[in-house]
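# Per-entry structural report
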Amino acid sequence: MKNGFWSLLKQPYAGEDFFLPDLCSSVAVFTLVVLAQLVVLVWVLAQPVTEGFNWLGLAMASLFVQWIVLLSAALLCHLRNWMQRRPLGLAIAVCFAVVVGLTLAFTVLGDWIVYRGMTGALHWQIEQLLRHGVIALIMTSLLLRYFYLQQQWQRQNQAELRARLQALQSRIRPHFLFNSLNSIVSLIGSDPHKAEQSVLDLSDLFRANLGSADALATWGEERRLCEGYLRIEQYRLGERMRVSWQVEALPDSTPMPLLTLQPLLENAILHGLQPRLDGGEIEITARYSEQQVELLVRNTCPEQTENHQGARMAMENIRARLQALFGEQARVELWREGACFFSRLVYPCRQTPSLQQRSH
């Protein structure tokens, strides 16, 4: 254990998420300022007073500590990329050296400015330097420990999220595999070009299914994937399946995980069109409005629709994936109106997509 710890300190920090956060961000600076002020307030309140609250002491201590905190944050932010490429032990030592060094420097300068009126030589008070240096050492150790634990907590959350998304995506397995293979076999002799295209479309579907679950694609990629899937089903169902797209209002660059719309189309065919002798229609509508993405699938369905547990499970998986990626506002809704069945998914998207022309 000891050898492993020392070997860890001798190596550069593994991973892109460095344990020291970006101290140049407004959130980090605000947090450091507030924490520093709370520490100063506690220190002033702990001092024995005889005539009311020591407002002057609070002001001077706040000025002293805030200068150290802000300058330390600026220097560490500037050195962050350099420390990330150096051994972990050296990076930690630099953090201590910056904070403790600035503390000692401001201790000497503060005594020279406040108590000596900026006259005479700098005076070194060993006891005061030692006291301030130890305080800076302790506070830096606590902050670095906090940053490390926060970074480990974020890593654990990200790992759990990736595992959850992978488990959810692994359940989305195309039910049409054997039907597609049978269609490809029948097309080999009569129409080799369609058979070849079906194989390519099927490989794209499985490549997307085996891809990274937490990686966001775009609506353009998802649409091309769904068009390939519908081509495979069109070869199998022929004129029984009629599809229309109303998606001009959703830009191709809109962020969207793969295999989001495809399960909706699969359920529409499996439980809507396929049981009907005359087939039916599928209409896909998509739009982006008020920082929300909306996809709506309307399909013809039989008069007597059974409660398909597989369809419900697929919808729950889609809802769980969207909520894991976009928050609790993401939702999937299912309902029936007469001879039509509707599937709609909605999720927030604050990244304003740029309008692009449709790629055919």
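What this report covers is the structure whose coordinates are included nearby. (Residues numbered from 1 in each chain as written. Predicted model: local features only at pLDDT ≥ 70, side-chain atom pairs only at ≥ 80, totals over all residues. Heavy atoms only, no water.)

Packing of helix H2 (residues 26-46) against helix H3 (residues 55-84) leaves a shortest axis separation of 9 Å and a crossing angle of 150°. In terms of crossing hand, the pair formed by H2 and H3 is right-handed. Taken together, the residues of H3 that come into contact with H2 (itself represented by Val29, Leu32, Val33, Ala36, Gln37, Val40, Leu41, Trp43 and Val44) are Gly57, Leu58, Ala61, Ser62, Val65, Gln66, Val69, Leu70 and Ala73. Of the residues in the contact of H2 with H3, the class split is 14 nonpolar, four polar and no charged. (Axes fitted to C-alpha atoms, helices over the stretch in contact; angles between N-to-C directions. Helix = DSSP H or I, 4+ residues; strand = E, 2+ residues; numbered from the N terminus. Left-handed = near helix turned anticlockwise from the far one by under 90°. Contact = heavy atoms within 4.5 Å. Nonpolar A, V, L, I, M, F, W, Y, C, P; charged D, E, K, R; others polar.)

Attention now goes to the pairing of strand E7 (residues 340-348). Among the nine residues in E7, seven count as buried, and that is most of the element. Note that strand E5 (residues 292-300) and E7 share nine bridges and pair antiparallel. Among the inter-strand pairings, leucine 296 is bridged to a residue of E7, identified as arginine 344. Sheet topology note: the strand E6 (residues 331-337)/E7 ladder contains seven bridges and is antiparallel. Residue pairing for E7: glutamate 333 is matched across the bridge by arginine 344. (Buried < 20%, exposed > 50% of the residue type's maximum accessible area, 1.4 Å probe, protein only. Pairing = 2+ DSSP bridges.)

In this fold, glutamine 246 is placed in strand E2 (residues 241-249). Overall, the relative accessible area of 41% leaves glutamine 246 in the partly exposed class. Glutamine 246 sits 38 residues away from isoleucine 284 along the chain, and the two C-alpha atoms are 5.9 Å apart. In this structure, glutamine 246 is in contact with Glu283, Ile284, Thr285 and Ala286, ignoring residues within four places of it in sequence.

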